[in-house]
Amino acid sequence: MSINQQNLYDIDIHIAEIYDMQENNTRDVEFLRNLLHGKTRLNILEPFCGTGRFVIPLALDGHSIFGLDQSQAMLQLAQKKIINLPDEIQKRIQLQWADVTVENWPTGYDLVILGFNCFYELATAEEQEFCIHQASRACKPGAYIYVDNDHMEGDLDAAWQDMNHKYVYLSGICKDGTQVKNTRETIWFDVKGRLARFERRYQITSPDGIIKEYQFTQQKHPVSKVEVQSWLEKHGFEVLEVYGDHSTNPYHENSLKAIFWARKR
């Protein structure tokens, strides 16, 4: 298991629900669909599949998708969406719980998706590189990999070093009226190592006023473009394009994103 022992989305199903409600921008999904234009009936693996942001649209496009995730709550929400799809679409989707930071991934795929800032869920560069290594094993020769993360180069950004600010994220009201409040506060950082550790606090208030509170520590390593490119090349991928956003603009040092489209040699 990752050194982050607690999966925040499984603390309470309402946290996963708030995530699904709020993280609903699909520009990256449409961007990938455009990259795949003309490629039909691919066999696709998506670790960190979450609630099905990529899984469902790509299955609707005719591809077969195997989604992995460490959160049972996220997979549960994805499955609720999938069961409402036509039978022929459902047959193209398989979901499975897995800790992708330590387990071997299935093999024989035409495309592996590491999207939507999934590396920002991981605690160390070693865990992130392990994912690239496993993606290489999962890909057939000539297969593709899509890697999409926010961009931070150089030392740890000053915002990640701010120990005097509580950042509010994944907070809101669920469909059943349950209120979720989440705060994140930096408690430790390593500037040169590009590491930050946070105290996460959740307050879950039910419609009848019962309050549950949770607290845990989470570490993150904001990945750099240089790191991802070196890992891809080390593990047998040829980088075809690096984009700086979801509008196909090329990457530059001030880009907000570092999006890789690469092929297995």
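First, a word on scope: everything that follows refers to the structure included in this document. Along each chain, residue indices are assigned from 1 in the same order as the chain's sequence is written. The model is predicted, so local features are restricted to residues of pLDDT at least 70 and side-chain atom pairs to those at 80 or more, both for listing and for counting; the totals for chains, interfaces and linings are taken over all residues. Calculated side-chain values reflect all of the structure's heavy atoms, with hydrogen atoms and water omitted.

## Section: helix H1 (residues 13–22)
Inspection of H1 places His14, Ile15, Ala16, Glu17, Ile18 and Tyr19 among the buried residues, and these make up the whole buried set. Contact criterion: two residues are considered in contact whenever any of their non-hydrogen atoms come within 4.5 Å of each other. Working definition: helices are DSSP H or I runs of at least four residues, strands are E runs of at least two. Numbering for both runs from the N terminus. Where H1 is buried, its residues touch helix H4 (72–82), strand E7 (172–173), strand E8 (179–190) and strand E9 (195–205). Whether a residue is buried, partly exposed or exposed follows from its accessible area with a 1.4 Å probe, protein chains only, as a fraction of its type maximum: under 20%, in between, or over 50%, in that order.

## A look at the sheet that holds strand E1 (residues 43–46)
With mixed pairing, the seven strands of this open sheet are ordered in space as E3-E2-E1-E4-E5-E12-E11. With one partner strand each, in any of the chains shown, strand E3 (93–97) and strand E11 (237–243) form the two edges of the open sheet. The average undirected angle you get between the axes of adjacent strands in this sheet is 15°. In this sheet, strand E5 (residues 139–150) lies alongside strand E4 (residues 109–114) in parallel orientation, the contact comprising five bridges. Note: two strands are recorded as paired if DSSP finds a minimum of 2 bridges between them. Axis lines are fitted through C-alpha atoms, for helices just across the contact stretch, and the angle between N-to-C directions can take any value from 0 to 180 degrees.

## Details of the pattern of salt bridges
Any Lys or Arg side-chain nitrogen located within 4 Å of an Asp or Glu carboxyl oxygen qualifies as a salt bridge. Taken as a whole and assessed by the stated rule, the structure comprises 11 salt bridges. In this structure, the salt-bridge partner of lysine 257 is aspartate 150, at a minimum N-O distance of 3.2 Å. Placement of lysine 257 in strand E12 (residues 257–264) and of aspartate 150 in strand E5 is noted, with a sequence separation of 107 residues between them. The class of lysine 257 is buried, set by a relative accessible area of 13%.

## Observations regarding the packing of H1 against H4
For any two helices packed against each other, the geometry comes down to the angle between their axes and how far apart the axes lie. Between H1 and H4, whose axes approach to 9 Å, the crossing angle comes to 55°. Here H1 is positioned oblique relative to H4, judged by the angle of their axes. H1 and H4 meet at a crossing whose hand is right-handed. Residues Ile13, Ala16, Glu17, Tyr19 and Asp20 of H1 form the contact with H4, whose own contacting residues are Ala73, Met74, Gln76, Leu77 and Lys81. Oblique is the label for any angle not covered by the other classes, which are roughly parallel (under 35 degrees), roughly antiparallel (over 145) and roughly perpendicular (65 to 115). Two helices that cross are described as forming a left-handed crossing if the nearer one is turned anticlockwise from the farther one by less than a right angle, and a right-handed crossing if clockwise.

## Brief notes about the nonpolar core
Ranked by internal contacts, the top residues of the largest apolar core, which has 37 residues, are Val112, Leu114, Phe119, Ile132, Ile145, Val147 and Leu232. Those elements giving two or more residues to this core turn out to be strand E2 (64–69), E4, helix H6 (125–138), E5, E9, helix H7 (225–234), E11 and E12. Broken down by element, this core gets its largest block of residues, five residues, from H6. Each residue touching leucine 232, except ones within four places of it in the same chain, is listed here: Ile132, Ile145, Val147, Phe237, Val239, Phe260 and Ala262. By convention a nonpolar core is built from buried Ala, Val, Leu, Ile, Met, Phe, Trp, Tyr and Cys residues, the set being connected through side-chain atoms within 4.5 Å.

## Details of unusual backbone geometry
Unlike most non-glycine residues, phenylalanine 48 shows phi in positive territory, near 60°. Considering the arrangement of structural elements, one finds phenylalanine 48 in the loop between E1 and helix H3 (55–60). In the Ramachandran plot, leucine 170 falls in the positive-phi region, its phi being about 50° despite a non-glycine side chain. By relative accessible area, which is 1% here, leucine 170 ends up buried.

## Things to note about the packing of H6 against H7
Remark: H6 packs on H7, axes separated minimally by 9 Å, with the N-to-C direction vectors making an angle of 40°. When the axis of H6 is compared with that of H7, the two are oblique. For the pair H6 and H7, the crossing hand works out as right-handed. Residue-level inspection shows Ala125, Gln128, Glu129 and Ile132 of H6 in contact with H7, the latter providing Glu227, Trp231, Leu232 and Lys234. As a working rule, the residues Ala, Val, Leu, Ile, Met, Phe, Trp, Tyr, Cys and Pro are called nonpolar, Asp, Glu, Lys and Arg charged, and the rest polar, with Gly in that last group. When its residues are assigned to classes, the contact of H6 with H7 shows four nonpolar, one polar and three charged.

Such coordinate-based values are descriptive only and should not be taken to indicate function.
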